[in-house]
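Observations on the model geometry
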Protein chains: 2
Amino acid sequence: MEKKRSISMAVIKRLPKYYRYLRELDKNDVDRISSKELSEKIGFTASQIRQDLNCFGDFGQQGYGYNVKDLLYQISVILGLNKAYNTVIIGAGNIGQAIANYTTFDKMSFNLKGIFDLNVKLIGLKIRDIEIKDMDELEGFLQEEEIDIAIICVPKSRAQGVVDMVTNKGVKAIWNFAPIDLKVADDVIVENVHLSESLMTLSYLINERNEARELTEEE
Amino acid sequence: MEKKRSISMAVIKRLPKYYRYLRELDKNDVDRISSKELSEKIGFTASQIRQDLNCFGDFGQQGYGYNVKDLLYQISVILGLNKAYNTVIIGAGNIGQAIANYTTFDKMSFNLKGIFDLNVKLIGLKIRDIEIKDMDELEGFLQEEEIDIAIICVPKSRAQGVVDMVTNKGVKAIWNFAPIDLKVADDVIVENVHLSESLMTLSYLINERNEARELTEEE
């Protein structure tokens, strides 16, 4: 356990990518892979791969490489994918509905337990057999159900208020789609998906490239 | 222009956050702000803020701080938000529809020009006045329209093929929602939104925290 304490966020962010590539290899019946071969697929250097994986234990064997099935399993445990998580979606607008319909998450043992919205036109509708409930029922719902993750898909003006309420009711992890930096207690984990920031990064890179191109053409 | 060449991806990824906070300040009629005050809001250190912004020019004034409106404008130019971008959405499933309905993007001058899908049940339907077209029409469409960004919302098995086609037709920027690392030519920009990787990061952090908590309780 002690080992995990000093893992940097950069390493953590690379783990799902290892998981994704190893799952593909396993699907294609690849039994073992060297860090060099994995490097060619995944695009990290072989030494980076060895260093990353060494943070979590001794997985590879000199001259053999990694056993794909074993490493895949180990990484899935490290990522906590061997456990099940109960989730609720708060806000059943475009993004909330898309997330509710996203079947991949079920395969990953994220169990959607409820969907909540303010909009009377949405309340009572079903998404994949789960009825959209009135926001007024959320507080009571959280008292009865043990929810691990609240998925926040409400407008930014309401996001902090909703998060204050759900964390008060004991939810300790937030997957946040609202374009706002949430304020939470130290023991609450927030993972953000800020779509508009991602799109701004893209437009920055487009302009940077175009300017570089113009400079080259002028030369 | 020379200045821009060595900007690190870490700085670039922070720019949209500056933009977001400055826009809020401007909306609230705040005229000027010191790096210290901005630091308290945004959560980066004051020296980090000065260092980040110095990458792009001399914005602040000793003893005065930053002029909010001016800095907001400058950052919007750096991010390329003063220009308009024509986009297409490829794949009108859950995520594609959510993105098509996401009105914020319009405010940012991302003009959705077309939506394409294979599914005959979707073709002909309209999302915000834009008819979903048959994928077969995409190639011809790209020949006629100048598209800056293709938004990829197809399943991962089809993503690379679609991207090969659109980049061959001259699209040089991809906003990718498929859970796959795309292979593109050097002059094509790809910005990924990998939702399942984000969710895995969250489950990692939940487990890391729970294990730390168990250790503390044992002590």
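All values reported here derive from a predicted model rather than from experimental measurement.

Take the packing of helix H1 (residues 9–27) of chain A against helix H9 (residues 195–218) of chain B next. Two numbers describe how H1(A) lies on H9(B): the axes approach to 9 Å, and their chain directions differ by 120°. Considered as vectors, H1(A) and H9(B) are oriented oblique to each other. Our pair here, H1(A) against H9(B), has a crossing hand that is right-handed. In contact with Met9(A), Ile12(A), Lys13(A), Leu15(A), Pro16(A), Lys17(A), Tyr19(A) and Arg20(A) of H1(A), H9(B) contributes Glu197(B), Met200(B), Thr201(B), Tyr204(B), Leu205(B) and Glu208(B). Looking at the contact of H1(A) with H9(B) residue by residue, the class counts come to 8 nonpolar, 1 polar and 5 charged.

Moving on, we come to the packing of aromatic side chains. According to the stated counting rule, one finds 10 aromatic pairs over all chains in the structure shown. Relative to Phe177(A), the ring of Trp175(A) lies with its centre 4.9 Å away and its plane at 70°, an arrangement referred to as edge-to-face. Phe177(A) shares its class with Trp175(A); the two are buried. A ring pair is formed by Phe116(B) and Phe141(B), whose centres lie 5.1 Å apart and whose planes are at 65°; its orientation type is edge-to-face. Of the two residues, Phe116(B) sits in strand S4 (residues 110–117) while Phe141(B) sits in helix H7 (residues 138–144), which places them 25 residues apart along the sequence. Pair check on accessibility: Phe116(B) and Phe141(B) agree, each one buried. The ring of Phe44(A) is capped by Arg14(A), whose NZ or CZ atom sits 5.8 Å from the centre of that ring.

Okay, the interface of chain B and chain A next. Contacts between chain B and chain A engage 68 residues on the former and 68 residues on the latter. Both sides of the chain B and chain A interface together cover about 6,200 Å² of buried area, and 63% of this is carbon and sulfur. Summed over the three residues of chain B that lose the most area to chain A, namely Leu199(B), Met200(B) and Tyr204(B), the buried surface amounts to 12% of that side. Applying the counting rule to chain B against chain A returns 8 salt bridges. Run the count over chain B and chain A and you get 26 residue pairs in polar contact (both at pLDDT 80 or more). Of all elements in the fold, only helix H1 (9–27), helix H5 (94–101), strand S8 (173–176), strand S9 (189–192) and H9 of chain B reach the threshold of two or more residues within the side of chain B that touches chain A.

This next bit is on the sheet that holds strand S6 (residues 130–134) of chain A. Residues and elements named next belong to chain A. With respect to topology, 7 strands assemble into an open sheet ordered S5-S6-S4-S3-S7-S8-S9, the strand pairing being mixed. Looking at strand neighbours, the two that pair on one side only are strand S5 (126–127) and strand S9 (189–192), the edges of this open sheet. Pairing between strand S3 (residues 85–90) and strand S7 (residues 149–152): 4 bridges, direction parallel. Paired with Thr87 across the bridge in S7 is Ile149.

Glancing now at the domain arrangement of chain A. As assigned here, chain A comprises domain 1 (2–78) and domain 2 (85–197). The C-alpha-based centres of domain 1 of chain A and domain 2 of chain A are spaced at 32 Å.

This paragraph deals with helix H3 (residues 46–54) of chain A. Along an α-helix, residues three or four positions apart point the same way, because every turn accommodates 3.6 residues. Within the sequence span of H3(A), burial applies to Ala46(A), Ile49(A), Asp52(A) and Leu53(A). Burial along H3(A) is one-sided: seen end-on, the buried residues are contained in an arc of 125°.

The next point concerns the pattern of salt bridges. Applying the stated criterion across every chain, the model contains 22 salt bridges over all chains. Among the ionic pairs, Asp181(A) bridges to Arg20(B), the shortest N-O distance being 3.3 Å. Here the residue Asp181(A) occupies a position in the loop between strand S8 (173–176) and S9, and Arg20(B) occupies one in helix H1, the pair thus bridging two chains. An identical accessibility class is assigned to Asp181(A) and Arg20(B); each is buried. Across the pair Asp26(B) and Lys69(B) runs a salt bridge whose closest N-O atoms are separated by 2.9 Å. Here Asp26(B), found in helix H1, pairs with Lys69(B), found in helix H4 (residues 68–78); they are 43 residues apart in sequence, far enough to count as distant. In this structure, a network of salt bridges that share partners links the residues Lys17(A), Arg20(A), Asp181(B) and Glu197(B).

Take the pairing of S8(B) next. All names here are of chain B. Alternating positions in S8 separate into two faces, Ala173 and Trp175 on one and Ile174 and Asn176 on the other, with burial throughout. In the sheet, strand S7 (residues 149–152) pairs with S8 via 3 bridges, with the strands oriented parallel. Looking at the pairing, Ile152 lines up with Asn176 of S8. Running through helix H8 (residues 156–168), the crossover from S7 to the neighbouring parallel element S8 is right-handed. Both S8 and S9 contribute to a ladder of 4 bridges, which runs parallel. Paired with Asn176 across the bridge in S9 is Asn192.

How each quantity is defined
- Residues numbered from 1 in each chain as written.
- Chains lettered and ligands numbered in written order.
- Predicted model: local features only at pLDDT ≥ 70, side-chain atom pairs only at ≥ 80, totals over all residues.
- Heavy atoms only, no water.
- Axes fitted to C-alpha atoms, helices over the stretch in contact; angles between N-to-C directions.
- Helix = DSSP H or I, 4+ residues; strand = E, 2+ residues; numbered from the N terminus.
- Parallel < 35°, antiparallel > 145°, perpendicular 65-115°, else oblique.
- Left-handed = near helix turned anticlockwise from the far one by under 90°.
- Contact = heavy atoms within 4.5 Å.
- Nonpolar A, V, L, I, M, F, W, Y, C, P; charged D, E, K, R; others polar.
- Phe/Tyr/Trp six-rings, centres within 6.5 Å; stacked < 30°, edge-to-face > 60°.
- Buried < 20%, exposed > 50% of the residue type's maximum accessible area, 1.4 Å probe, protein only.
- Lys NZ or Arg CZ within 6 Å of the ring centre and 35° of its normal.
- Buried area = accessible area lost by both parts, 1.4 Å probe.
- Salt bridge = Lys/Arg side-chain N within 4 Å of Asp/Glu carboxyl O.
- Polar contact = N/O pair within 3.5 Å; in protein donor to acceptor, adjacent residues only side chain to side chain.
- Pairing = 2+ DSSP bridges.
- Domains from an automatic or database assignment.
- Arc of directions from axis to C-beta.
- Right-handed = clockwise from strand over helix to strand, strands pointing away.

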